[in-house]
Structures are given as C-alpha cells and as structure tokens.
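# Report on the structure
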2 protein chains.
Amino acid sequence: MGYELYYWPSIQGRGEFIRLALEEAGADYVDVARRPGKRGVPAMMKLMENPRLIRSPYAPPFVKAGKIIVAQTANVLLFLGPRLKLAPRDEGGRLWAHQLQLTISDLVDEIHDTHHPVSSWLYFEEQRPAARRRTKDFWRYRVPKFLSYFERVLNKNGGRVTIGRRLTYVDLSLFQIVEGLRYAFPKRMKRFERKIPGLIALHDRIAQRPRIADYLASPRRIPFSQWGIYRYFKELDA
Amino acid sequence: MGYELYYWPSIQGRGEFIRLALEEAGADYVDVARRPGKRGVPAMMKLMENPRLIRSPYAPPFVKAGKIIVAQTANVLLFLGPRLKLAPRDEGGRLWAHQLQLTISDLVDEIHDTHHPVSSWLYFEEQRPAARRRTKDFWRYRVPKFLSYFERVLNKNGGRVTIGRRLTYVDLSLFQIVEGLRYAFPKRMKRFERKIPGLIALHDRIAQRPRIADYLASPRRIPFSQWGIYRYFKELDA
C-alpha cells in the first residue's frame, strides 16, 4: 500500500520520525508537501482545511493511507508500526513501544523549548536570557533524566534494540534524538555521550543499516537548519 | 477487573484525565498513592524504581491492570478506553480518539508553561515577566487555535459528543480542560467562553452525569491548588 506523508517541506521536525520509519521499511510513500507548486504545501493546507473532513488533523505531520488520515507523530507511528513491521506484534508490546515514543515526544518538546522558552512569536534574540537559563536546566536535569531512562530501558532489554528482538520505530526515533542533539549542542553532547554508550552504539548501528544509510545520503533527507526543533546557537552550547 | 492508578496524591494534574474515565465507567480502582503511609507514594516509587521491571514508566501517571503496566496519560486512555466502554469500537475511531487526546495533551503542556515558561526549577516569582508574555501569547494565539479546533470537531459531529454517538474519554478530557481554564484564568475564560458554546454545553452536560456529579462532590476529587498544571495568578488573568 502507498502512503502519503504530509509535513512541512523545509524541516526535519516531527515529520522526520515518520520518514525514518517509512525509509527503513522501504515503504512506497510520497512526501506530499515537498512536491512543487500547487501539489505541494497548498495541497496539504487544502486537505487540513477541508470543512467536510470530519477527522481533520490539528497540525502536520499526518499520514494518509487510503481513506484513513492519522495525525500526531506518535499516533502515526502507532498506526504504521505494525504495517511496516516496525512494532511488536502483541498488544502489550505495542502499548510499550507507544509509551516510549510518547516519552520521546515529551523530550522533543523540551528540546524545542531550549531556544524558544518564552514564546514562539518572539525571535531567539528577544528571549536570550530565558533561553540560556532554560538550556542550563535542560542539560543539568532533563537530558540526564530522559537519556539515562532510555539507556536503562535499552540495557534491560539486552542492549541491541529497545524492545524485544527486532528493530522498532522507537530505535529509529532514538537515533534521531542523538542526531538532533549532536547538531544543536555539539559540545555539550560530546561530553554527555560517555554516559549513554548503549544509545550511542544503537545510533551508530542504525546509521549503518543499508536503507537508512541510503536515505541519509539522499536528497530525501532534509538538512538540519535554524528552523526546526533542533537549532544551533553557540551561546547555548557553552 | 480492578485497576490500580498511580499518580501524585495532592494534585489533579495529568492523573485527572484518567480518574474521570475510571469514575464515569464506575470502574473498580484504587488511587494507590493516596493510601496512607508506606502503601501510598512509597509504593509508587518502589514500583517505578524496581530494577527488575523491564517496562518501567518514565513518570506518573500510570495504571496497573493485572500484570500490565501502562504509562503516559493518553496511552493509558488508549488502553482503558475500550475496556471502560469509553472509546469507539473500530480501529479508525480509536486512532481518531487518541489523536484528539494527544492534541489535548499538547494543550495541557502549554497551559502549564504559562506560569513556568523558563524553568520548572524556578519559582513563578523568578520568571514573572516571561510568564506574563507567555500567557499573553497563549491567550492570543494558542487558546483560540486549540479550542476553536475542538469546537469545530464537536460541531462537525453534531454537537452532542466529540466522536460517534457515545461519550468517550475525549469528552471527559475536554470537560477537564474547561474546568482547569476556569480555575486558572477566571476572567479571561469568562470572556472567551462565548466563542465556544458547544464545548461549554458539553462541559455542563458532563458535570451533570450522575457518576461525574457524584465524583466531583466527593473527597476523591482533589481540589485545584497552586501546585498542579492549572494555577491561579491574578496578574496572569488580566
């Protein structure tokens, strides 16, 4: 079955967690909003704003599969996981994978808020002192709590993958967390990585998987920039 | 089947969305951390920190049902929904309910951040200007966007309930959103309510449901306070 992914075309953002799953599975999909002209972003907006669509998404990313439209990143992965063979087969396992993914979503929110704590309607330069304070506490309290948690979960499961014996979308999302933190906070992350050797090894194994390596080297992978969740500000990476 | 709910005993917080579902269903449950002495919070901490527990929650709330432990508020409702007959029966409907619940979770995060935008490790008094600015943008951009979205979803479905023909946990959660915003921002909310007549009517119908009315009048309902997601600061309610 073919999938349509709808997400902002110029950033990795939350859509990247879905792209990684589609790519690893070798799924047949279209990244709709990246199409040129009217078939791109305008098509996405038209679908979202369709007054006759009852189950209309609050925001991208969302995925269309036949007549079904599913939004909210973690919910999309809950839906796609079994179809792409990137989720456990039993109910308990699927809930556990989803629970971890929701915890990753919480971390993603907090990563974004390091550079925009006060308001998304202000520039970074207008909320610099708050961003510095937020980032300090983020690295002092939040990163250790979140990443040590995932490190423990991984190790309790044997260290190869996070859940069961097969790769899941959770592993791919943890790869992306490492990628993003390395981009936004290269110095801080370099120091921190020795505390999470399991996650770093997982990241490195995933980067070498043939489909992921192919994807990362392709134009389908949007580069990191100053407009996504992960942004690099030298002063926040002290 | 009996359920054990684990959540901080002194606040409504995120646990309240689960309590409302359990109460509306007349479910047999124990609010574990509210038990006195060692059987309360220490029992919750012991379970969370059990090194032999593979599927260990990152944070409360979580629910234990037999041997299954499920965490993350929306995930708990995804799990409980069908069991409590508070979710649609088909897969598409369940994903839709969950999608809405995740959007409610996003709103809840933003409500919390109005009074603690910079850092949870600072007192409100230490981040006052940032809180004022955050709250201004929250009411200018975010509340209208979120609540108008839910109002539209409700109206597209006929106005009685949010999904299908029966009450779901999403309706109960929307009730709680209205309750909380009224507590934290009585003046602002009073002005805003005329824009969301459908949601307000839904709130009022839910408040009158026998089991909910009974619950709200009981000591099982923890009062709002200055320690939860919703806090009242006169200066933020200008």
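Below, the discussion takes up the environment of R182 of chain B. All names here are of chain B. Residue placement: R182 occurs in helix 6 (residues 169–184). Taking the relative accessible area as the measure of exposure, R182 reaches 30% and is therefore partly exposed. Every residue in contact with R182, bar those within four places of it in the chain, is listed here: M189, E193, I200, H203 and D204. Polar side-chain contacts of R182 include one of 2.6 Å to the side chain of E193.

All names here are of chain B. Axis separation between helix 4 (residues 91–115) and helix 6 bottoms out at 10 Å; the angle between their running directions is 15°. With respect to their mutual orientation, helix 4 and helix 6 come out roughly parallel. Crossing handedness for the pair helix 4 and helix 6: left-handed. Side by side, helix 4 and helix 6 meet where R94, A97, H98, L100, Q101, I104, L107, V108 and I111 of the first sit next to Y169, V170, S173, L174, I177 and L181 of the second.

For the rest of this paragraph, the subject is the relation of the copies chain B and chain A. After a rotation of 180° and a shift along the axis of 0.0 Å, chain B superposes on chain A with an RMSD of 0.0 Å. Given the turn and translation reported, the copies of this chain are related as if by a two-fold rotation axis. Minimal C-alpha distance to the rotation axis in chain B is attained by P117 of chain B, lying at 2.9 Å. Interface overlap between copies is the fraction of interface residues in one copy that are interface residues in the other; for chain B against chain A it reaches 100%, indicating a shared surface.

On the chain A side, the residues contacting the 45 residues of chain B number 45 residues. Interface area, chain B with chain A, both sides summed: about 4300 Å², of which 56% is carbon and sulfur. In this structure, the connection of chain B to chain A is made through two salt bridges. The interface formed by chain B and chain A holds 25 residue pairs in polar contact (both at pLDDT 80 or more) in total. Secondary structure elements with two or more residues in the side of chain B that touches chain A: strand 4 (68–71), helix 3 (73–83), helix 4 and helix 5 (128–156) of chain B. Here the element with the most residues in the side of chain B that touches chain A is helix 4 of chain B; it accounts for twelve residues. For the side of chain B that touches chain A, the class distribution of residues is 21 nonpolar, eleven polar and 13 charged.

All names here are of chain B. Spatial ordering of the open sheet is given by 2-1-3-4, a layout of four strands whose pairing is mixed. Two strands bound the open sheet, and with one partner strand each, they are strand 2 (29–31) and strand 4. Sheet twist, expressed as the mean angle between neighbouring strand axes with direction ignored, is 20°. Summarising the sheet, strand 3 (residues 62–65) and strand 4 pair through four bridges and their orientation is antiparallel. Along strand 4, the bridge assignment pairs F62 with A71.

Moving on: the side chain of Q99 of chain A. Examined against the element boundaries, Q99 of chain A turns out to sit in helix 4 (residues 91–115). Look at Q99 of chain A and you get buried, because its relative accessible area is 2%. Non-local contacts of Q99 of chain A, meaning those with residues more than four positions away in its chain, are made with S56, P57, I69, V70, A71, Q72 and N75 of chain B.

Of note, the amide linkage connecting P60 of chain A to P61 of chain A takes the cis form, showing an omega dihedral of 0°. By secondary structure assignment, the location of P61 of chain A is in the loop between helix 2 (41–49) and strand 3 (62–65). Phi at Q72 of chain A takes a positive value of approximately 75°, unusual for a residue other than glycine. Following the sequence through the fold, Q72 of chain A ends up in the loop between strand 4 (68–71) and helix 3 (73–83). Among the residues examined, Q72 of chain A registers a relative accessible area of 18% and is labelled buried. Of note in this structure, K85 of chain B is not a glycine but carries a positive phi near 55°.

Attention shifts here to the pairing of strand 1 (residues 3–6) of chain A. Residue and element names in this part refer to chain A. As paired elements, strand 1 and strand 2 (residues 29–31) share three bridges and run parallel to each other. Looking across to strand 2, one finds that E4 is bridged to V30. Considered for its hand, the β-α-β crossover made up of strand 1, helix 1 (residues 15–24) and strand 2 is right-handed. Across three bridges, the pairing between strand 1 and strand 3 is antiparallel. Within the sheet, the bridge partner assigned to E4 lies in strand 3 and is K64.

Rules used in this analysis
- Residues numbered from 1 in each chain as written.
- Chains lettered and ligands numbered in written order.
- Predicted model: local features only at pLDDT ≥ 70, side-chain atom pairs only at ≥ 80, totals over all residues.
- Heavy atoms only, no water.
- Helix = DSSP H or I, 4+ residues; strand = E, 2+ residues; numbered from the N terminus.
- Buried < 20%, exposed > 50% of the residue type's maximum accessible area, 1.4 Å probe, protein only.
- Contact = heavy atoms within 4.5 Å.
- Polar contact = N/O pair within 3.5 Å; in protein donor to acceptor, adjacent residues only side chain to side chain.
- Axes fitted to C-alpha atoms, helices over the stretch in contact; angles between N-to-C directions.
- Parallel < 35°, antiparallel > 145°, perpendicular 65-115°, else oblique.
- Left-handed = near helix turned anticlockwise from the far one by under 90°.
- Least-squares fit on C-alpha atoms with pLDDT ≥ 70 in both.
- Buried area = accessible area lost by both parts, 1.4 Å probe.
- Salt bridge = Lys/Arg side-chain N within 4 Å of Asp/Glu carboxyl O.
- Nonpolar A, V, L, I, M, F, W, Y, C, P; charged D, E, K, R; others polar.
- Pairing = 2+ DSSP bridges.
- Right-handed = clockwise from strand over helix to strand, strands pointing away.

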